[in-house]
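Fold and geometry: a report
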Amino acid sequence: IEQERWVRWFAEEISSPPPDRFIEPETGPRPDVFEYLENLGYPADRVEGIERIRGLTNENYSIRVNGEELVVRIASPNAARLGIDRFAERTVMRAAEVTGLGPQIVHYSLPHGHLVTRRIRAEPFEETPEVYRSEKTLERVVAAVKRIHALPPIEHRFDPFARIERILEEAEQRDLHRPASLPRLIAHMQRIRARWGESTGRDRTLCHNDLFAGNILNTDPIRIVDWEFVGMGDPYFDLATLVVSCGESAPLPRPFQDTILEAYAGRIDREGRTRLVDMVFMVRLHAGCWGLAQQLAERPLPVDAGFTYVEYTDDVLHALDNGVG
């Protein structure tokens with residue numbers, strides 16, 4: 001079955017015209033979700049239920065229409081600022097669909113990134129962290145990660161070092177509030193870059209780069225959603241995200257980290273442990289700087305968020321600074 005899916009995927013890719021990445025998405029307000037659905041042949045009077053669901057960058061909805069359960073994303077116009085390549089995301093989502101790793105795509109709008117998928121009836125591990133924090137679950141999740149890393153390569157690259165530097169440069173130009181701990185954290189980041197720069201270039205593979213518990217569904221086999229940050233990168237960045245998947249400031253203890261390493265590489269050694277620890281730092285630093293990027297994009301938070309992007313950035317980077325020697 002999987003071989004047949006791959007044949008269909010490659011046929012679609014070959015028949016599709018090459019993407020023009022120089023097309024700029026339309027500026028202005030995002031389309032209304034009902035207007036978007038209407039254009040796809042789902043009129044408003046057929047919508048049986050709609051609910052706004054999780055998501056800070058985009059507007060996401062769970063919708064029941066014509067007896068179907070769908071998830072609709074009205075994409076943020078600030079994708080480029082956040083380092084998101086919509087063409088890369090679409091390509092990888094197709095591959096994830098045909099290999100049973102991701103949701104079924106109903107419609108993907110380029111270059112904007114508006115998206116409709118069929119809903120997968122399953123809980124994300126964000127809702128059951130106690131289930132996630134187990135050896136058996138982590139082995140299942142790592143098996144899915146290995147399948148992601150085996151997907152065909154793409155042109156788009158995910159480089160957390162460069163992304164963080166770009167965000168901080170713009171934050172400085174805009175005189176945005178930045179935590180006092182940032183110089184120390186960036187100095188440590190540069191030490192990590194010096195330690196692994198060459199090896200991460202050699203070992204670069206296709207990665208999800210956003211494997212937080214809200215994006216990992218407890219299905220059999222594991223299914224993954226939210227592929228926005230997909231790109232060629234360091235596989236240990238994905239593994240490190242699993243370590244902090246249920247909270248950037250609450251990494252899994254070392255025995256669980258060893259479970260991840262052994263399930264992925266078949267061994268536990270000093271180099272693997274050091275690289276994982278370094279990438280855990282990078283995932284947490286990147287998360288804090290993502291908060292800065294959202295401030296730069298002037299993205300409004302949902303009214304019930306319970307925090308601001310300034311508070312989020314300060315909290316994440318303060319907790320990270322406390323762990324840096």
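See the structure printed just above.
Attention here is on the structure that accompanies the text. Only a predicted model underlies this, so the values are computations on that prediction, with no experimental measurement involved.

Ile216, Leu242, Met279, Met282 and Leu285 are the most contacted members of the largest nonpolar core, which has 75 residues in total. Among the elements that take part in this core, helix α10 (residues 270-296) stands out by supplying 13 residues, more than any other. Counting 12 residues, the second largest nonpolar core, distinct from the first, contains Val47, Ile63, Leu70 and Val116.

Right, let's talk about unusual backbone geometry for a bit. Along the chain, leucine 110 connects to proline 111 via a cis peptide bond; the corresponding omega equals 5°. With respect to the helices and strands, the residue proline 111 is situated in the loop between β4 (105-108) and β5 (115-118). In this structure, proline 221 follows aspartate 220 across a cis peptide bond, with omega equal to 0°. Considering the arrangement of structural elements, one finds proline 221 in the loop between β7 (216-217) and β8 (223-224).

Quick look at the pattern of salt bridges now. In the structure shown here, the tally under the stated rule is 17 salt bridges. Arginine 86 is the partner of glutamate 89 in a salt bridge, and the nearest nitrogen-oxygen pair spans 3.2 Å. Of this pair, glutamate 89 and arginine 86 both sit in helix α3 (residues 86-98), 3 residues apart, which is roughly one turn of the helix. The same class applies to glutamate 89 as to arginine 86, namely buried.

Right, let's get into the packing of helix α8 (residues 235-243) against α10. Two elements in contact, α8 and α10, have axes separated by 8 Å at closest approach and are oriented at 75°. Classified by the angle their axes make, α8 and α10 are roughly perpendicular. Contacts between α8 and α10 pair Pro235, Tyr236, Phe237, Leu239, Ala240, Thr241 and Val243 from the former with Gly272, Arg275, Leu276, Met279, Val280, Met282, Val283 and His286 from the latter. For the contact of α8 with α10, the class distribution of residues is 11 nonpolar, 3 polar and 1 charged.

Here we come to the packing of helix α6 (residues 160-173) against α10. Contact pair α6 / α10: the axes reach a minimum separation of 9 Å and the direction vectors enclose 35°. Crossing of α6 against α10: the hand is left-handed. For the pair α6 and α10, contact is made by Pro160, Phe161, Arg163, Ile164, Ile167, Leu168, Glu170 and Ala171 and by Met279, Met282, Leu285, His286, Cys289, Leu292, Ala293 and Leu296, respectively. Classifying every residue of the contact of α6 with α10 by side-chain character gives 13 nonpolar, 1 polar and 2 charged.

Cut-offs and rules
Residues numbered from 1 in each chain as written. Predicted model: local features only at pLDDT ≥ 70, side-chain atom pairs only at ≥ 80, totals over all residues. Heavy atoms only, no water. Core = buried A, V, L, I, M, F, W, Y, C linked by side-chain atoms within 4.5 Å. Buried < 20%, exposed > 50% of the residue type's maximum accessible area, 1.4 Å probe, protein only. Helix = DSSP H or I, 4+ residues; strand = E, 2+ residues; numbered from the N terminus. Salt bridge = Lys/Arg side-chain N within 4 Å of Asp/Glu carboxyl O. Axes fitted to C-alpha atoms, helices over the stretch in contact; angles between N-to-C directions. Parallel < 35°, antiparallel > 145°, perpendicular 65-115°, else oblique. Contact = heavy atoms within 4.5 Å. Nonpolar A, V, L, I, M, F, W, Y, C, P; charged D, E, K, R; others polar. Left-handed = near helix turned anticlockwise from the far one by under 90°.

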